[in-house]
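Take a look at the letters that make up each chain.
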There are 2 protein chains.
Amino acid sequence: MMNGLSQKIYLELPLPTEDDPRSDQQRILDSLAEAGMEERIHIPVHILRQLYPLLDNAKWKITVSLVWNGENWELIEIEEGDTTAQHYGLAVDLGSTTVVARLLDCNSGEILEEVSCFNKQIQWGTDILSRIFYCKDNKEKLEEVRRATVESISECMEKLDTSYSALSMVVAGNTTMIHFLLGMDAFCVFYTPHAVHADCPGFQLARDLDIPLKGYVYCYPSKSNYLGGDIISGMIDTELYKKDEISVFFDIGTNGELVIGNKEFLLCGAGAAGPALEGGVVRTGMRADVGAVDEVKIRDGNILVHVIGRPEEKYQIMCGKEGFQDSIKEIAKKSTENVEVTPQGICGSGIIDLIAELFLEGWIDIRGKLSPEKSLLIQQQDNQLCVEYAPGLYFYQKDIDEFIRTKSAAHTMVEIMLRESGLDLNQADRFYVAGAFGKHVSKESAITIGMYPDMDRAHIINAGNSSLEGAQKLLLNRSLLNDIDQILEEMVYIQFAEVEDFLELMVAAQALPHTDYKRYPTVMEKLKERQKGIKL
Amino acid sequence: MMNGLSQKIYLELPLPTEDDPRSDQQRILDSLAEAGMEERIHIPVHILRQLYPLLDNAKWKITVSLVWNGENWELIEIEEGDTTAQHYGLAVDLGSTTVVARLLDCNSGEILEEVSCFNKQIQWGTDILSRIFYCKDNKEKLEEVRRATVESISECMEKLDTSYSALSMVVAGNTTMIHFLLGMDAFCVFYTPHAVHADCPGFQLARDLDIPLKGYVYCYPSKSNYLGGDIISGMIDTELYKKDEISVFFDIGTNGELVIGNKEFLLCGAGAAGPALEGGVVRTGMRADVGAVDEVKIRDGNILVHVIGRPEEKYQIMCGKEGFQDSIKEIAKKSTENVEVTPQGICGSGIIDLIAELFLEGWIDIRGKLSPEKSLLIQQQDNQLCVEYAPGLYFYQKDIDEFIRTKSAAHTMVEIMLRESGLDLNQADRFYVAGAFGKHVSKESAITIGMYPDMDRAHIINAGNSSLEGAQKLLLNRSLLNDIDQILEEMVYIQFAEVEDFLELMVAAQALPHTDYKRYPTVMEKLKERQKGIKL
């Protein structure tokens, strides 16, 4: 039996007799005590009203549903007969772009279904800040945003098989998402001194949130404005707070969030990584959607790109060799004729691959500067150098510079956090990369450009949607509530802005892979291999 | 400071700064912890939504209202500035006839106002059973009855000064009243095996009960179908469960409820006392309302009666002496001309006085049989003897017989309970009489007829509306919740129906004051005094 946030217990109640005139309520509570329930159980009035004639009709054989409300159990449903086999719960990752909901069989822990939908807040902007400004200091608009958030979750619930009726829900999301879900102004998240309105909403009645669920909704608490419940949920998922070895937990998107630690300490921090990683700043950058270049290789002077929406192993070739210049367009034209999906732009994983490959091939130098003499694909457009990575799609020098700043910020955050822990960059035992970044970005490329440390690849772990996984784990194991308390208590938040040599370190990290290239021995090996005779 | 079911605490929150970016929520919780609040405090979402801009507007000086929900504190209101002086709560006695509500100053414990209104259930009958049958197995009618019950409480609340806003409410009522308040079918209360639906509703959200209050409503639990929350509340009020000496707690109306015990044991029982005590069966019986004879004396052969609605010391005289027979009507006519209120019937306290006086004067014998030779007021009407206690109002032999059965049942219950405790009738140290009976009935008369034991009058205590008093005490002192648990646990319910010699004892108690008249020495004294030369 799972020790989750809900329970279903089948009871065969003794029939009332003159010798046993206990109340229906007491009869149920006593039977629950016999079944091992030691805690007090609250029975809300709507259930008390159902006791008669339900118990009679059920011939005193009933199944009760109990939900944990943070302090005690609440009996929120009584069904006739034994329905313990139907015991469901919901885990939700409330992302700013996508909301993902999982329906769990709370008896077996099995995932019955996973659905997702876009976060309806997107109507007010893809970036969070524009949503925050939309409803700032405006009750009506805040209510619109709240409703859109709730409806995003409800839409997921509607997609799930309606024959399942969930008791409890765990939601993990960043601080802004949780503010919006609860109907709170989120300007505080971005505005100094970043004192948010609520960081530990805990268990709230689903009906108070307008979520169509019988029991309670638990929202993962946040540590600070930028270190949200999604990261705490990631801690629960990866269990790094329990391990002997020291792990790095790295969640990077528009913002970068970072936790480093083990069972003895936890440091955390967050910084604006810049939207470059999500293709926001790059001129032809785009979301990881159909038409986006998500994988790049340079082989024999040709750029091979994979485009989302095409078969996995089918690359489009951009020919970069001398003498073939005129035919590039022709090849490109042909290859686009052969497939359904035309490249529209480049997403984060594509960018990282592209920069890594440009560097390994020597098409850009250690500072990321394009060398036009290296390839015909390096051209001049709009008064700056650029590389044509797909037909008519250019990656500019400015894009590369912007991206290198982003990666150096990310690198520097990791470096500082490890230093605060008394460790060198390569001393972390595990490097967890959460979210889409961890899922899609090539480890090799990320190491090549110096975003990840140069470490044993097997110890770089794609943590997947650890926010959702942590929500699921808590739903199935309420003892993790204590772990959450412990995590929040132990976590020390490092203000990067207050680190004296942050800028200095960041400048050092703006080289590829790093000014101190000894930190990247395997990248040096690769460079040697790719560029025979290169001087390092 | 009172340790009641609610608290108001003034907080001067430290302003958020870059060095102190705690969330608003945490800032409040930390300040509460500093103020000595050790328990977890739940903040429901509607309060989280108010934090901004309320805290800013209040310049971070706020008063928070906390209510106890049975398990932890809930923060249910935030006000600007220091409003701790305005801290109110409600205690309610939900009687089947009258609902009484008290508004309490929860800081000082002072009663600010007490109001009452008729229980709107009366539209379905003055007796509870007819109300129960009205809505038995009919959801719509049950909902009508529930609404009428809630509206009775709301009406009281409306009568109170609206400038006071109460946080919590404690309701004490019998099992049927609480069933109706919560919207539960109450047929179970009267129907074998008397297993009621709920006996410990505990704390329920006021809004779930449709009661216009911010916080929670606590309903006193009941011990059994006939031993309701009003009695448990009476225990809290009289504190007999804490005393060394042994007390009897006696609440008699349509039903009689009884508790006997001290800090070491508690026995309780209940029985149908019969409506005779409320003037229900007696031919000219009536409720203690305007026009009811509520006090009777016999002096010099004349019957002196007091009528509710007349000045306190003004008696109406019924002349019973020989030779004055013809003038009785004349005198009566005159006296009714002199006052506004005409006697309409007789209520419980009048009946007890009347029977006691008839007995002391020898107008009835030890078995309650009228002796027509003793007074001209004893006449033959409708083929039976009767006494004309007021002009045209007769108290019949059948009424006397009925009443003596009632008093012997009450007496026997007390006797059995004391015997179960290993005590004789006169060994109780305190005799608490609750409710209207205790308030209005003459102690002397009740002893004379053998309803109360013959004991030190100073130890017969009018407990007043102990149901209301107990509600008030709990409202102001939540530690009494433990006492309530303890009382329920310790109480042993005696089934009178299972006492073998119940009938035998009852027959013995059907004499005035009792077959074993040695139990009533002071009554014997009075008899001697009134009837010089009587043989006892």
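Higher on the page you've got the structure.
The sections below set out a description of the structure shown in this document. Residue numbers run consecutively from 1 along every chain, following the written order of its sequence. All chains are assigned letters beginning with A, and all ligands numbers beginning with 1, in the order in which they are written. Restriction of local features to residues with pLDDT of at least 70 applies here, the model being predicted, together with a cutoff of 80 or more for giving and counting side-chain atom pairs; totals for whole chains, interfaces and linings are based on all residues. Computation of side-chain values: all heavy atoms of the structure, hydrogens and water removed.

Considering the sheet that holds strand E10 (residues 216-219) of chain A
Residue and element names in this part refer to chain A.
Moving on, step 1. Strand pairing is assigned whenever DSSP identifies at least 2 bridges connecting the two strands. Numbering of helices and strands runs from the N terminus, with a helix taken as a DSSP run of H or I at least four residues long and a strand as a DSSP run of E at least two residues long. Strand order in the open sheet made by the six strands is E7-E6-E5-E8-E10-E9, with mixed pairing throughout. Two strands close off the open sheet at either side, each with one partner strand: strand E7 (111-118) and strand E9 (202-205). Each neighbouring strand pair of the sheet contributes to a mean axis angle of 20°, computed without reference to strand direction.
Moving on, step 2. Inspection of the sheet shows strand E6 (residues 98-105) paired to E7 by seven bridges, in the antiparallel sense. In the sheet register, Val99 faces E7, and the bridge partner there is Cys117.
Moving on, step 3. We call two residues contacting when some pair of their heavy atoms lies within 4.5 Å. As a rule, the C-alpha atoms of each element are fitted with a line to give its axis, helices using only the stretch in contact, and angles between N-to-C directions run from 0 to 180 degrees. Sheet strands touched by helix H5 (residues 139-159): strand E5 (88-94), E6, E7 and strand E8 (166-173). Its angle to E7, the strand with the most contacts, is close to 140°.

Here we look at the nonpolar core
Moving on, step 1. Grouping buried Ala, Val, Leu, Ile, Met, Phe, Trp, Tyr and Cys residues that are joined through side-chain atoms within 4.5 Å yields what is termed a nonpolar core. Each residue is placed in one exposure class: buried if its accessible area under a 1.4 Å probe, protein chains only, is under 20% of its type's maximum, exposed if it is over 50%, and partly exposed if it falls in between. Of all hydrophobic cores here, the largest spans 213 residues; its most connected members are Ile28(A), Ile211(A), Ile28(B) and Ile211(B).
Moving on, step 2. Those residues in contact with Ile211(B) that sit more than four places away from it in its chain are Val150(B), Ile153(B), Met157(B), Met169(B), Leu181(B), Ala206(B) and Val217(B).
Moving on, step 3. Among the nonpolar cores identified, the runner-up in size contains 71 residues, and Phe250(B), Leu360(B), Tyr452(B) and Met455(B) belong to it.

Description of the packing of aromatic side chains
Moving on, step 1. Note on ring pairs: Phe, Tyr and Trp rings are taken, using the six-membered ring of Trp, and paired if centres are within 6.5 Å. Classes follow the plane angle, with under 30 degrees stacked, over 60 edge-to-face and the rest tilted. Evaluation of the coordinates by the stated rule reveals 28 aromatic pairs over all chains.
Moving on, step 2. An angle of 65° between the planes, with centres 5.4 Å apart, marks the rings of Phe133(B) and Phe187(B) as edge-to-face. On the criterion of sequence distance, the pair formed by Phe133(B) in helix H4 (residues 128-135) and Phe187(B) in helix H7 (residues 187-190) is long-range, its members being 54 residues apart.
Moving on, step 3. Given the relative accessible area of 17%, Phe187(B) is considered buried.
Moving on, step 4. Grouped by ring-pair contacts, the aromatic residues Phe250(A), Phe431(A), Phe437(A) and Tyr452(A) constitute a single cluster.
Moving on, step 5. When the NZ atom of lysine or the CZ atom of arginine is within 6 Å of a ring's centre and also within 35 degrees of its normal, the charge is said to sit over that ring. Against the face of Tyr396(A) rests Arg283(A), its NZ or CZ located 4.1 Å from the ring centre.

With respect to the interface of chain A and chain B
Moving on, step 1. Facing 45 residues of chain A, the contacting portion of chain B comprises 45 residues.
Moving on, step 2. Two parts placed together each lose some accessible area; with a 1.4 Å probe, that loss summed over both constitutes the buried area. The junction of chain A with chain B conceals about 3,800 Å² of combined surface from both sides, 47% of it contributed by carbon and sulfur atoms.
Moving on, step 3. By definition, a salt bridge exists where a carboxyl oxygen of Asp or Glu is found within 4 Å of a side-chain nitrogen of Lys or Arg. Note that Asp485(A) is salt-bridged to Arg40(B), the shortest N-O span being 2.9 Å.
Moving on, step 4. The definition of a polar contact used here is a pair of N or O atoms within 3.5 Å, where within protein one atom must be able to donate a hydrogen and the other to accept one, and adjacent residues in sequence count solely through side-chain atom pairs. At the junction of chain A and chain B, the tally comes to 26 residue pairs in polar contact (both at pLDDT 80 or more).
Moving on, step 5. Going through the elements one at a time, helix H1 (24-34), helix H2 (45-48), helix H3 (51-57), H5 and E9 of chain A are the ones with two or more residues in the side of chain A that touches chain B.
Moving on, step 6. Top contributing element to the side of chain A that touches chain B by residue count: H1(A), with four residues.
Moving on, step 7. Per-class residue counts for the side of chain A that touches chain B are 19 nonpolar, eleven polar and 15 charged. Here the nonpolar group is Ala, Val, Leu, Ile, Met, Phe, Trp, Tyr, Cys and Pro; Asp, Glu, Lys and Arg are the charged ones; every other residue, Gly included, is treated as polar.

What about the packing of helix H4 (residues 128-135) of chain A against helix H6 (residues 175-182) of chain A?
Residue and element names in this part refer to chain A.
Moving on, step 1. Contact geometry of H4 with H6 gives a least axis separation of 11 Å together with a crossing angle of 35°. Handedness of the H4/H6 crossing: left-handed. The residues of H6 that touch H4, namely those facing Ile128, Arg131, Ile132 and Cys135, are Thr176, Met177 and Phe180.
Moving on, step 2. A breakdown of the residues in the contact of H4 with H6 according to their chemical character gives five nonpolar, one polar and one charged. Helix crossings get a hand from a simple test, with the near helix turned counterclockwise from the far one by less than a right angle marking a left-handed crossing and a clockwise turn marking a right-handed one.

What to know about H5(A)
Residues and elements named next belong to chain A.
Moving on, step 1. Here H5 is 21 residues long and its end C-alpha atoms lie 30 Å apart, about the 30 Å a rise of 1.5 Å per residue gives.
Moving on, step 2. Among all positions in H5, only Leu142, Val145, Arg146, Ala148, Thr149, Val150, Ser152, Ile153, Ser154, Cys156 and Met157 are buried.
Moving on, step 3. Contact partners of the buried residues in H5: E5, E6, E7, H4, E8 and H6. Expected helix span is computed as 1.5 Å times (number of residues minus one).

Observations regarding the packing of helix H8 (residues 229-238) of chain B against helix H14 (residues 466-476) of chain B
Residues and elements named next belong to chain B.
Moving on, step 1. Relative orientation of the contacting elements H8 and H14 amounts to 65°, with a least axis distance of 7 Å. As the angle between them shows, H8 and H14 are arranged roughly perpendicular. Handedness of the H8/H14 crossing: left-handed. Note on element contacts: H14 touches H8 through Ser466, Ser467, Glu469, Gly470, Ala471 and Lys473, opposite Asp230, Ser233, Gly234, Ile236 and Asp237. Should an angle fall under 35 degrees it is taken as roughly parallel, and over 145 as roughly antiparallel, whereas 65 to 115 is taken as roughly perpendicular and any remaining angle as oblique.

Observations regarding the relation of the copies chain A and chain B
Moving on, step 1. Least squares is the method for superposing the copies, and the C-alpha atoms it fits come from residues with pLDDT of at least 70 in both. Mapping chain A onto chain B calls for a screw motion: a turn of 180° about the axis and a shift of 0.0 Å along it, with 0.1 Å RMSD after fitting. The relationship between the two copies is best expressed as a two-fold rotation axis. By C-alpha distance to the rotation axis, the residue of chain A lying nearest is Glu71(A), at 3.4 Å.
Moving on, step 2. Taken together, the interface assignments show that 100% of the residues at the interface of chain A recur at the interface of chain B, consistent with an identical surface on both copies.

Such coordinate-based values are descriptive only and should not be taken to indicate function.
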